[in-house]
Amino acid sequence: MTWHVLGAGSLGSLWACRLAQAGEAVQLILRNEARLVAYRAAGGLALQTGGQWQRHNLPAELPNAEFPIARLLVACKAYDAEAAVASVAHRLAAGGEILLLQNGLGSQQRIAERWPQARSLFISSTEGAYRQAPFEVVFAGKGQNWLGDPQDAQPPAWLNTLEQAQISAHWTPDILARLWRKLALNCAINPLTVLYDCRNGGLLEHRSEVLALCEELGHLLTAIGQAEAADALADEVLRVIEATAANYSSMQQDVAARRRTEIGYLLGHACRTGAQQGLALPRLQALARRLQTKLIALGLPPD
Ligand code: NAD
Ligand code: KPL
(Lines give C-alpha, C1' and ligand atoms only; values in the text may rest on other atoms or scores of the structure.)
(Ligands and ions follow the chains in the order given, each with its own letter.)
Protein backbone atom coordinates (compact mmCIF):
# COMPACT_ATOMS: atom_id res chain seq x y z
CA MET A 1 0.00 0.00 0.00
CA THR A 2 1.30 3.43 -0.92
CA TRP A 3 2.39 5.83 1.83
CA HIS A 4 1.17 9.29 0.87
CA VAL A 5 3.37 11.80 2.71
CA LEU A 6 1.82 15.24 3.12
CA GLY A 7 4.51 17.78 4.01
CA ALA A 8 8.04 17.24 2.69
CA GLY A 9 9.79 19.10 5.51
CA SER A 10 12.15 17.67 8.13
CA LEU A 11 10.24 14.71 9.55
CA GLY A 12 8.17 14.06 6.42
CA SER A 13 11.35 13.73 4.32
CA LEU A 14 13.00 11.58 6.99
CA TRP A 15 10.09 9.14 7.01
CA ALA A 16 9.60 9.20 3.24
CA CYS A 17 13.27 8.45 2.44
CA ARG A 18 13.56 5.61 4.95
CA LEU A 19 10.29 4.01 3.82
CA ALA A 20 11.33 4.26 0.16
CA GLN A 21 14.75 2.82 0.93
CA ALA A 22 13.02 -0.19 2.53
CA GLY A 23 11.11 -0.79 -0.70
CA GLU A 24 7.81 0.79 0.34
CA ALA A 25 5.81 2.75 -2.25
CA VAL A 26 5.95 6.43 -1.26
CA GLN A 27 4.19 9.37 -2.86
CA LEU A 28 4.91 12.92 -1.72
CA ILE A 29 2.12 15.48 -1.75
CA LEU A 30 3.42 19.01 -2.11
CA ARG A 31 1.44 22.11 -1.26
CA ASN A 32 1.34 23.83 -4.66
CA GLU A 33 2.71 24.00 -8.19
CA ALA A 34 5.65 26.23 -7.18
CA ARG A 35 6.82 23.65 -4.59
CA LEU A 36 6.42 20.85 -7.15
CA VAL A 37 8.53 22.73 -9.71
CA ALA A 38 11.19 23.46 -7.05
CA TYR A 39 11.17 19.80 -5.97
CA ARG A 40 11.69 18.58 -9.53
CA ALA A 41 14.46 21.14 -10.06
CA ALA A 42 16.18 19.86 -6.90
CA GLY A 43 16.08 16.32 -8.31
CA GLY A 44 14.24 14.86 -5.32
CA LEU A 45 14.87 14.74 -1.58
CA ALA A 46 18.37 14.64 -0.15
CA LEU A 47 18.79 13.03 3.27
CA GLN A 48 21.96 13.14 5.34
CA THR A 49 22.38 10.20 7.73
CA GLY A 50 25.59 9.65 9.68
CA GLY A 51 27.36 12.33 7.61
CA GLN A 52 26.44 10.68 4.27
CA TRP A 53 24.11 12.34 1.77
CA GLN A 54 21.77 10.28 -0.33
CA ARG A 55 19.27 11.58 -2.88
CA HIS A 56 15.85 9.97 -3.26
CA ASN A 57 13.93 10.95 -6.35
CA LEU A 58 10.49 10.06 -4.99
CA PRO A 59 7.34 10.66 -7.01
CA ALA A 60 5.50 13.84 -6.01
CA GLU A 61 2.07 15.23 -6.80
CA LEU A 62 -0.33 18.01 -5.86
CA PRO A 63 -3.25 17.66 -3.41
CA ASN A 64 -5.72 17.63 -6.31
CA ALA A 65 -4.22 14.53 -7.99
CA GLU A 66 -6.81 11.86 -8.76
CA PHE A 67 -5.53 8.75 -6.98
CA PRO A 68 -7.24 7.63 -3.78
CA ILE A 69 -5.28 7.75 -0.53
CA ALA A 70 -5.46 4.79 1.83
CA ARG A 71 -2.56 5.73 4.15
CA LEU A 72 -1.71 9.37 4.73
CA LEU A 73 1.25 10.53 6.82
CA VAL A 74 0.67 14.16 7.83
CA ALA A 75 4.06 15.71 8.56
CA CYS A 76 3.13 19.41 8.71
CA LYS A 77 3.39 21.72 11.70
CA ALA A 78 0.39 21.51 14.06
CA TYR A 79 -1.02 24.83 12.81
CA ASP A 80 -0.99 23.62 9.17
CA ALA A 81 -2.17 20.04 9.69
CA GLU A 82 -5.95 20.43 9.50
CA ALA A 83 -5.89 22.59 6.35
CA ALA A 84 -3.41 20.19 4.78
CA VAL A 85 -5.68 17.18 5.41
CA ALA A 86 -8.67 19.19 4.12
CA SER A 87 -6.78 19.73 0.84
CA VAL A 88 -6.72 15.96 0.17
CA ALA A 89 -9.84 14.87 2.11
CA HIS A 90 -11.79 14.20 -1.10
CA ARG A 91 -9.21 11.52 -1.95
CA LEU A 92 -9.31 9.65 1.39
CA ALA A 93 -10.46 6.07 0.84
CA ALA A 94 -13.15 4.74 3.20
CA GLY A 95 -11.46 2.83 6.01
CA GLY A 96 -8.15 4.57 5.29
CA GLU A 97 -5.59 5.73 7.86
CA ILE A 98 -4.26 9.16 8.77
CA LEU A 99 -0.96 9.19 10.69
CA LEU A 100 -0.52 12.45 12.58
CA LEU A 101 3.08 13.36 13.31
CA GLN A 102 2.43 16.66 15.14
CA ASN A 103 3.92 17.87 18.38
CA GLY A 104 1.56 19.16 21.08
CA LEU A 105 -2.16 18.45 21.13
CA GLY A 106 -5.32 19.86 19.64
CA SER A 107 -4.71 19.47 15.91
CA GLN A 108 -4.90 15.65 16.09
CA GLN A 109 -8.26 15.62 17.88
CA ARG A 110 -9.73 18.11 15.40
CA ILE A 111 -8.64 15.98 12.44
CA ALA A 112 -9.89 12.73 14.02
CA GLU A 113 -13.30 14.36 14.69
CA ARG A 114 -13.61 15.96 11.28
CA TRP A 115 -12.75 12.83 9.25
CA PRO A 116 -14.20 9.93 11.28
CA GLN A 117 -14.37 7.75 8.15
CA ALA A 118 -10.58 7.29 8.44
CA ARG A 119 -8.65 5.88 11.39
CA SER A 120 -6.48 8.60 12.91
CA LEU A 121 -3.24 7.39 14.50
CA PHE A 122 -1.40 9.87 16.72
CA ILE A 123 2.42 9.82 16.82
CA SER A 124 4.74 11.23 19.46
CA SER A 125 8.27 11.51 18.09
CA THR A 126 11.58 12.22 19.79
CA GLU A 127 13.58 11.92 16.55
CA GLY A 128 15.46 14.99 15.40
CA ALA A 129 15.80 16.32 11.87
CA TYR A 130 16.21 19.72 10.29
CA ARG A 131 16.10 21.26 6.85
CA GLN A 132 19.43 22.60 5.68
CA ALA A 133 17.87 23.86 2.44
CA PRO A 134 14.60 23.13 0.65
CA PHE A 135 14.38 19.36 0.13
CA GLU A 136 17.69 18.79 1.95
CA VAL A 137 17.23 17.23 5.37
CA VAL A 138 19.73 16.24 8.04
CA PHE A 139 18.86 13.38 10.38
CA ALA A 140 20.18 14.98 13.56
CA GLY A 141 19.16 12.74 16.43
CA LYS A 142 18.02 9.18 16.90
CA GLY A 143 14.85 8.85 18.93
CA GLN A 144 11.64 6.94 19.34
CA ASN A 145 8.24 7.14 17.71
CA TRP A 146 5.25 6.19 19.82
CA LEU A 147 2.07 5.43 17.90
CA GLY A 148 -1.45 4.98 19.22
CA ASP A 149 -5.13 5.49 18.56
CA PRO A 150 -7.20 6.91 21.44
CA GLN A 151 -10.29 5.19 19.94
CA ASP A 152 -8.86 1.71 19.38
CA ALA A 153 -6.06 -0.07 21.27
CA GLN A 154 -5.39 -2.55 18.43
CA PRO A 155 -2.10 -1.86 16.58
CA PRO A 156 -2.16 -1.79 12.77
CA ALA A 157 -0.87 -4.91 10.98
CA TRP A 158 1.85 -2.92 9.18
CA LEU A 159 3.60 -1.68 12.34
CA ASN A 160 6.75 -3.79 11.81
CA THR A 161 7.15 -2.23 8.34
CA LEU A 162 8.39 0.83 10.19
CA GLU A 163 11.09 -1.13 12.02
CA GLN A 164 12.13 -2.69 8.69
CA ALA A 165 12.52 0.88 7.40
CA GLN A 166 14.78 1.76 10.39
CA ILE A 167 12.00 3.87 11.93
CA SER A 168 11.96 3.05 15.59
CA ALA A 169 8.27 2.55 16.35
CA HIS A 170 6.38 1.39 19.43
CA TRP A 171 2.67 0.94 19.88
CA THR A 172 1.03 2.33 22.99
CA PRO A 173 -2.59 1.91 24.06
CA ASP A 174 -2.29 5.31 25.78
CA ILE A 175 -0.86 7.71 23.24
CA LEU A 176 -2.55 10.70 24.92
CA ALA A 177 -0.45 10.11 28.05
CA ARG A 178 2.74 10.23 25.91
CA LEU A 179 1.63 13.37 24.08
CA TRP A 180 0.57 15.10 27.31
CA ARG A 181 3.88 14.24 28.98
CA LYS A 182 5.85 15.70 26.07
CA LEU A 183 3.54 18.72 25.97
CA ALA A 184 4.16 19.30 29.69
CA LEU A 185 7.94 19.06 29.22
CA ASN A 186 7.75 21.50 26.33
CA CYS A 187 5.56 23.91 28.36
CA ALA A 188 7.99 23.88 31.29
CA ILE A 189 11.07 24.48 29.12
CA ASN A 190 10.44 26.03 25.72
CA PRO A 191 8.56 29.28 26.55
CA LEU A 192 11.10 30.26 29.24
CA THR A 193 13.99 29.71 26.84
CA VAL A 194 12.31 32.21 24.50
CA LEU A 195 11.61 34.73 27.25
CA TYR A 196 15.15 34.52 28.68
CA ASP A 197 16.63 34.06 25.19
CA CYS A 198 18.83 31.25 26.45
CA ARG A 199 19.89 27.67 25.87
CA ASN A 200 18.02 25.00 27.83
CA GLY A 201 20.82 24.99 30.44
CA GLY A 202 20.19 28.69 31.12
CA LEU A 203 16.97 27.66 32.88
CA LEU A 204 19.00 26.25 35.77
CA GLU A 205 19.26 29.91 36.85
CA HIS A 206 15.44 30.04 36.92
CA ARG A 207 14.90 26.76 38.72
CA SER A 208 12.13 27.93 41.05
CA GLU A 209 10.13 29.31 38.12
CA VAL A 210 10.52 25.99 36.27
CA LEU A 211 9.47 24.01 39.35
CA ALA A 212 6.42 26.21 39.91
CA LEU A 213 5.32 25.59 36.31
CA CYS A 214 5.80 21.84 36.80
CA GLU A 215 3.59 21.95 39.87
CA GLU A 216 0.79 23.66 37.96
CA LEU A 217 1.19 21.33 34.97
CA GLY A 218 0.93 18.42 37.42
CA HIS A 219 -2.39 19.80 38.73
CA LEU A 220 -3.69 20.12 35.19
CA LEU A 221 -2.65 16.60 34.18
CA THR A 222 -4.17 15.09 37.31
CA ALA A 223 -7.43 17.03 36.81
CA ILE A 224 -7.83 15.68 33.25
CA GLY A 225 -7.16 12.07 34.21
CA GLN A 226 -3.51 12.04 33.04
CA ALA A 227 -1.96 11.47 36.47
CA GLU A 228 0.59 9.08 34.94
CA ALA A 229 1.87 11.87 32.69
CA ALA A 230 2.32 14.03 35.82
CA ASP A 231 4.40 11.44 37.66
CA ALA A 232 7.80 12.91 38.68
CA LEU A 233 7.43 15.59 36.00
CA ALA A 234 9.73 18.09 37.71
CA ASP A 235 12.50 15.48 38.01
CA GLU A 236 12.28 14.70 34.32
CA VAL A 237 12.16 18.37 33.34
CA LEU A 238 15.35 19.05 35.31
CA ARG A 239 16.98 15.93 33.82
CA VAL A 240 16.12 17.10 30.29
CA ILE A 241 17.39 20.61 31.01
CA GLU A 242 20.70 19.18 32.22
CA ALA A 243 21.00 16.63 29.40
CA THR A 244 20.25 19.26 26.73
CA ALA A 245 21.93 22.20 28.52
CA ALA A 246 23.95 23.22 25.45
CA ASN A 247 20.96 23.09 23.06
CA TYR A 248 18.43 25.69 22.10
CA SER A 249 14.83 24.49 22.44
CA SER A 250 12.84 24.08 19.22
CA MET A 251 10.68 27.10 20.14
CA GLN A 252 13.71 29.27 20.83
CA GLN A 253 15.12 28.24 17.42
CA ASP A 254 11.82 29.05 15.70
CA VAL A 255 11.67 32.50 17.30
CA ALA A 256 15.34 33.23 16.56
CA ALA A 257 14.65 32.37 12.90
CA ARG A 258 11.38 34.41 13.00
CA ARG A 259 9.32 31.29 12.23
CA ARG A 260 5.84 30.74 13.60
CA THR A 261 5.87 28.68 16.80
CA GLU A 262 3.48 25.86 17.83
CA ILE A 263 2.59 27.70 21.07
CA GLY A 264 -1.16 27.32 20.38
CA TYR A 265 -0.79 23.52 20.52
CA LEU A 266 1.53 23.47 23.54
CA LEU A 267 1.07 26.18 26.19
CA GLY A 268 -2.12 27.40 24.47
CA HIS A 269 -3.63 23.90 24.57
CA ALA A 270 -2.69 23.50 28.24
CA CYS A 271 -4.31 26.85 29.15
CA ARG A 272 -7.47 26.14 27.11
CA THR A 273 -7.83 22.68 28.67
CA GLY A 274 -7.42 24.16 32.16
CA ALA A 275 -10.07 26.79 31.41
CA GLN A 276 -12.50 24.09 30.17
CA GLN A 277 -11.96 22.29 33.49
CA GLY A 278 -12.55 25.50 35.46
CA LEU A 279 -9.01 25.14 36.79
CA ALA A 280 -7.00 28.19 37.85
CA LEU A 281 -3.57 28.05 36.20
CA PRO A 282 -2.19 31.52 37.01
CA ARG A 283 1.46 30.76 36.28
CA LEU A 284 0.80 29.07 32.94
CA GLN A 285 -1.63 31.85 31.94
CA ALA A 286 0.90 34.52 32.88
CA LEU A 287 3.62 32.67 30.97
CA ALA A 288 1.36 32.49 27.90
CA ARG A 289 0.66 36.25 28.11
CA ARG A 290 4.38 37.11 28.44
CA LEU A 291 5.26 34.86 25.51
CA GLN A 292 2.45 36.22 23.33
CA THR A 293 3.57 39.79 24.05
CA LYS A 294 7.08 38.90 22.95
CA LEU A 295 5.87 37.09 19.81
CA ILE A 296 3.67 40.04 18.79
CA ALA A 297 6.57 42.46 19.36
CA LEU A 298 8.64 40.31 16.99
CA GLY A 299 5.86 40.28 14.39
CA LEU A 300 5.07 36.58 14.93
CA PRO A 301 1.60 35.02 15.38
CA PRO A 302 0.73 34.80 19.09
CA ASP A 303 -0.99 31.42 18.69
P1 NAD B 1 8.79 21.35 8.81
O2 NAD B 1 8.40 22.78 8.88
O3 NAD B 1 10.22 21.00 8.55
O4 NAD B 1 7.94 20.61 7.68
C5 NAD B 1 6.57 20.83 7.50
C6 NAD B 1 6.31 20.75 6.00
O7 NAD B 1 4.90 20.77 5.78
C8 NAD B 1 6.89 21.94 5.22
O9 NAD B 1 7.63 21.44 4.13
C10 NAD B 1 5.65 22.68 4.72
O11 NAD B 1 5.84 23.30 3.46
C12 NAD B 1 4.68 21.51 4.61
N13 NAD B 1 3.27 21.92 4.54
C14 NAD B 1 2.61 22.82 5.31
N15 NAD B 1 1.33 22.92 4.91
C16 NAD B 1 1.19 22.06 3.87
C17 NAD B 1 0.10 21.72 3.03
N18 NAD B 1 -1.11 22.30 3.17
N19 NAD B 1 0.28 20.79 2.06
C20 NAD B 1 1.50 20.20 1.90
N21 NAD B 1 2.58 20.48 2.68
C22 NAD B 1 2.41 21.40 3.64
O23 NAD B 1 8.27 20.68 10.14
P24 NAD B 1 8.89 19.44 10.95
O25 NAD B 1 10.07 19.90 11.72
O26 NAD B 1 9.02 18.26 10.05
O27 NAD B 1 7.73 19.22 12.03
C28 NAD B 1 6.53 18.53 11.75
C29 NAD B 1 5.90 18.21 13.10
O30 NAD B 1 6.75 17.29 13.78
C31 NAD B 1 5.80 19.43 14.04
O32 NAD B 1 4.62 19.37 14.79
C33 NAD B 1 7.02 19.30 14.93
O34 NAD B 1 6.86 19.92 16.21
C35 NAD B 1 7.11 17.80 15.07
N36 NAD B 1 8.45 17.32 15.42
C37 NAD B 1 9.52 17.71 14.69
C38 NAD B 1 10.79 17.23 15.04
C39 NAD B 1 12.02 17.63 14.25
O40 NAD B 1 13.14 17.28 14.68
N41 NAD B 1 11.92 18.31 13.13
C42 NAD B 1 10.93 16.35 16.13
C43 NAD B 1 9.80 15.96 16.84
C44 NAD B 1 8.55 16.46 16.47
O1 KPL C 1 11.44 18.80 22.91
C2 KPL C 1 12.17 19.72 23.24
C3 KPL C 1 12.16 20.92 22.34
O4 KPL C 1 13.14 21.65 22.27
O5 KPL C 1 11.13 21.11 21.69
C6 KPL C 1 12.98 19.64 24.48
C7 KPL C 1 14.43 19.34 24.15
C8 KPL C 1 12.45 18.54 25.38
C9 KPL C 1 12.90 20.92 25.26
O10 KPL C 1 11.58 21.16 25.64
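Each value, and the rule that gives it
- Residues numbered from 1 in each chain as written.
- Chains lettered and ligands numbered in written order.
- Predicted model: local features only at pLDDT ≥ 70, side-chain atom pairs only at ≥ 80, totals over all residues.
- Heavy atoms only, no water.
- UniProt positions renumbered as here; feature names shortened; annotations may be inferred.
- Near = heavy atom within 4 Å.
- Polar contact = N/O pair within 3.5 Å; in protein donor to acceptor, adjacent residues only side chain to side chain.
- Areas by Shrake-Rupley, 256 points an atom, 1.4 Å probe, with all protein chains shown as cover.
- Helix = DSSP H or I, 4+ residues; strand = E, 2+ residues; numbered from the N terminus.
- Nonpolar A, V, L, I, M, F, W, Y, C, P; charged D, E, K, R; others polar.
- Patch = residues over 30% accessible without salt bridge, like charges linked within 9 Å, V, L, I, M, F, W, Y side chains within 5 Å.
- Salt bridge = Lys/Arg side-chain N within 4 Å of Asp/Glu carboxyl O.
- Lys, Arg positive; Asp, Glu negative; His and termini not counted.
- Charge placed at Lys NZ, Arg CZ, Asp CG, Glu CD.
- Buried < 20%, exposed > 50% of the residue type's maximum accessible area, 1.4 Å probe, protein only.

As named in an unreviewed UniProt entry, the chain is 2-dehydropantoate 2-reductase, taken from Stutzerimonas balearica DSM 6083. A UniProt comment under Function (unreviewed entry) is attached to the chain, and it reads "Catalyzes the NADPH-dependent reduction of ketopantoate into pantoic acid."

Residues in contact with ligand 1 amount to 24 residues; listed here are only the nearest, Ser10, Leu11, Asn103, Ala129 and Glu262. Between ligand 1 and the protein, one listed contact pairs an oxygen atom with a backbone N or O atom of Leu101 at 3.1 Å. One nitrogen or oxygen atom from the side chain of Arg131 is found 3.1 Å from an oxygen atom belonging to ligand 1. Calculation on ligand 1 without its partners gives an accessible area of 820 Å², and the protein chains cover 86% of this total. Secondary-structure elements contributing two or more residues to the shell around ligand 1 are helix 1 (10-21), helix 3 (78-88) and strand 9 (128-133). Broken down by class, the residue content of the shell around ligand 1 amounts to 10 nonpolar, 7 polar and 7 charged.

Once that is clear, we can look at a negative patch on the surface. On the surface, a cluster of negative charge is contributed by Asp174, Glu228, Asp231 and Asp235. You can see Asp174 is positioned in the loop between strand 12 (169-171) and helix 6 (175-195). Judged by its relative accessible area of 34%, Asp174 is partly exposed.

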